[in-house]
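# Observations on the three-dimensional arrangement
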Amino acid sequence: MGTSITGRAIKNGSIRVDTVNIRDFSTRKTMRVDDYPYGGGAGMVMEPEPVFRAVKSVEARIGRKPRVVYMTPQARVLDQTKVESLAQEKDLVILCGHYEGIDERVLQETVTDYISIGDYVLTGGELGALVLIDAVSRFVPGVLSNEESSQFESLQDNLLEYPQYTRPEVWHQQSVPPILLSGDHLKIEEWRHEESLKRTKERRPDLLKNSYRVICVSYGEPGAAENGRLLTESVSRYGEYMDYNRRKLQKTLLRMKPWNLLLLVMPGAAGEDSAFPAEMPGAAGVEKAKPAAIPGAAGEEKTASAEGKTAVRYDPSVPFAERFRGLYGSETPAVLVGSDDEIEKASAFLENRKFRVIARVSPAVFGGDSLLRNAALDIREKVLHFH
Ligand code: 4GX
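Presented here is an overview of the structure given in this document. Everything numeric in this text was worked out from a predicted model, so none of it was measured.

### Some thoughts on the overall build of the chain
Looking only at helices and strands, one finds 13 helices and 17 strands in the chain. In the chain, buried positions account for 44% of the 387 residues. Residue pairs in contact within the chain that sit at least 24 positions apart in sequence constitute 75% of those at least 6 positions apart.

### Notes on the sheet that holds strand E2 (residues 45-46)
The mixed open sheet is built from three strands, whose spatial order is E1-E2-E5. Of all strands in the sheet, those with a lone pairing partner are strand E1 (34-35) and strand E5 (101-102), marking the two edges. Where E1 lies against E2, two bridges are found, and the strand directions are antiparallel. Counted as the bridge partner of aspartate 34 is methionine 46 from E2.

### With respect to the site of the ligand
Taken together, 16 residues lie near the ligand, and Glu100, Ile117, Gly118, Tyr120 and Leu122 sit nearest. Residue glycine 118 places a main-chain N or O atom 3.1 Å away from a nitrogen atom belonging to the ligand. At 2.9 Å, a backbone N or O of leucine 122 approaches an oxygen atom of the ligand. Contact with the protein chains removes 84% of the 460 Å² of surface that the ligand exposes when unbound. Residues belonging to the shell around the ligand are distributed by class as follows: nine nonpolar, six polar and one charged.

### Some remarks on the packing of helix H9 (residues 222-235) against helix H13 (residues 369-386)
Running from amino to carboxyl end, H9 crosses H13 at an angle of 55 degrees, the nearest separation of the two axes being 9 Å. One way to sum up the angle between H9 and H13 is to call them oblique. Classified by chirality, the crossing of H13 by H9 is right-handed. Here Leu230, Leu231, Ser234 and Val235 of H9 come into contact with H13, specifically with Leu372, Ala376, Ile379 and Arg380. Its residues assigned to classes, the contact of H9 with H13 comprises six nonpolar, one polar and one charged.

### Observations concerning the sheet that holds strand E16 (residues 332-337)
Ordered in space as E10-E9-E12-E16-E17, the five strands form an open sheet in which the pairing is parallel. A strand with exactly one partner marks an edge of an open sheet, and here the two such strands are strand E10 (240-243) and strand E17 (355-361). If you compare each strand with its neighbour and ignore which way they point, the axes differ by 20 degrees on average. Sheet analysis places E16 next to E17, joined by six bridges and oriented parallel. Residue pairing in the sheet places proline 333 in a bridge with arginine 356 of E17. The strands touched by helix H12 (residues 340-352) within the sheet are strand E12 (260-265), E16 and E17, with E17 carrying the most contacts at an inclination of about 160 degrees.

### A closer look at the layout of surface pockets
Roughly 1500 Å³ of internal volume is contained in the largest pocket. Contributing to the lining of the largest pocket are 41 residues, with Asp18, Thr19, Val20, Leu92 and Ile94 lying nearest its centre. Elements represented by at least two residues in the lining of the largest pocket include exactly helix H2 (48-62), strand E4 (92-95) and helix H5 (126-137). When its residues are assigned to classes, the lining of the largest pocket shows 25 nonpolar, five polar and eleven charged.

What counts as what
Residues numbered from 1 in each chain as written. Predicted model: local features only at pLDDT ≥ 70, side-chain atom pairs only at ≥ 80, totals over all residues. Heavy atoms only, no water. Helix = DSSP H or I, 4+ residues; strand = E, 2+ residues; numbered from the N terminus. Buried < 20%, exposed > 50% of the residue type's maximum accessible area, 1.4 Å probe, protein only. Contact = heavy atoms within 4.5 Å. Pairing = 2+ DSSP bridges. Near = heavy atom within 4 Å. Polar contact = N/O pair within 3.5 Å; in protein donor to acceptor, adjacent residues only side chain to side chain. Areas by Shrake-Rupley, 256 points an atom, 1.4 Å probe, with all protein chains shown as cover. Nonpolar A, V, L, I, M, F, W, Y, C, P; charged D, E, K, R; others polar. Axes fitted to C-alpha atoms, helices over the stretch in contact; angles between N-to-C directions. Parallel < 35°, antiparallel > 145°, perpendicular 65-115°, else oblique. Left-handed = near helix turned anticlockwise from the far one by under 90°. 1 Å grid on protein atoms, 1.4 Å probe; cavity = no way out; pocket = protein on both sides within 12 Å on 5 of 7 lines; lining within 4 Å. Points joined across faces, edges and corners; volume = space filled by probe spheres on them.

Here is the structure:
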């Protein structure tokens, strides 16, 4: 842990790793902490009491009950969603057996999470713990620089990373795909998304069943558009974003699939006093993808914002059925953000249009990066559960 990125993180105080030796909590003169298994059989078993005391000593030191993770091959294999969820914790205790298993009763009483790092057997849980610490650290603020964090969400959408190229343009008779030299960023994003899909189909088709496309629709105050974009980007790298204040869009047919996710950002989601910074440098740890261009906004009332983007005036009198004339789901999960009142009305409308509302999110999530990040995590977990 002392080298490279984790080494730097420890030195700058972003993370701290303490070790507790279970043997220090032995109940015997010999300092042993294991004994023969009841029922016989090969190997030894770690006694419950020293493990219990070791965990209690950590609780006493930090003054609260932390999540306690037990590294074992008899658990679900660690994935990026789990890593992100663990990274929200201020403290984590990782319990490692070495050579031997631990008495089931103390596990039952102390362990909150069972985690495996893969379907193979190690000599002890320590290497698993290092893997876990390493992966979790990347989500701790201050561990990665902006540059390092801007290129890491490859598994966020359950898709593999697209292929990368650098100079020279031709190497061993092989050219860099011309589109990457075109300077057309929208086209490049599209191409990368396609490559990610292709690659995942070929190499990890198992990931695709947990993959879904995020489509965000917002309407309401001008800030709703920006908030919609922020939320979309924290949930998915390849999310699409649409501003339904635009009348042309209100008439377009949008039939969403069961593997899509609708994020509906409504009024109340961006009041006058809510913060929606023009720039959120690396806040969500996601590279900023430009939202897709929205076709046909000609003739709309536009007001140029400071960034030169266009905002469209919101007309609150337009009813749902008119604003979303062409919007249909087919058992499509939907997440609603807005005032309670607006969420209530929207739910009924969307359920009629064959969407399934899986989460209601308070507009307060736009109050800060960590709130937004937690909301995104929660949404992703709910979608996976829904599927
Ligand atoms: N992902 N191991 C736990 C302890 C043990 C020994 C004997 C029962 C009987 C592992 C993994 C892993 C090895 C850690 C066995 N338990 N940890 N250790 N795979 O293989 O996390």
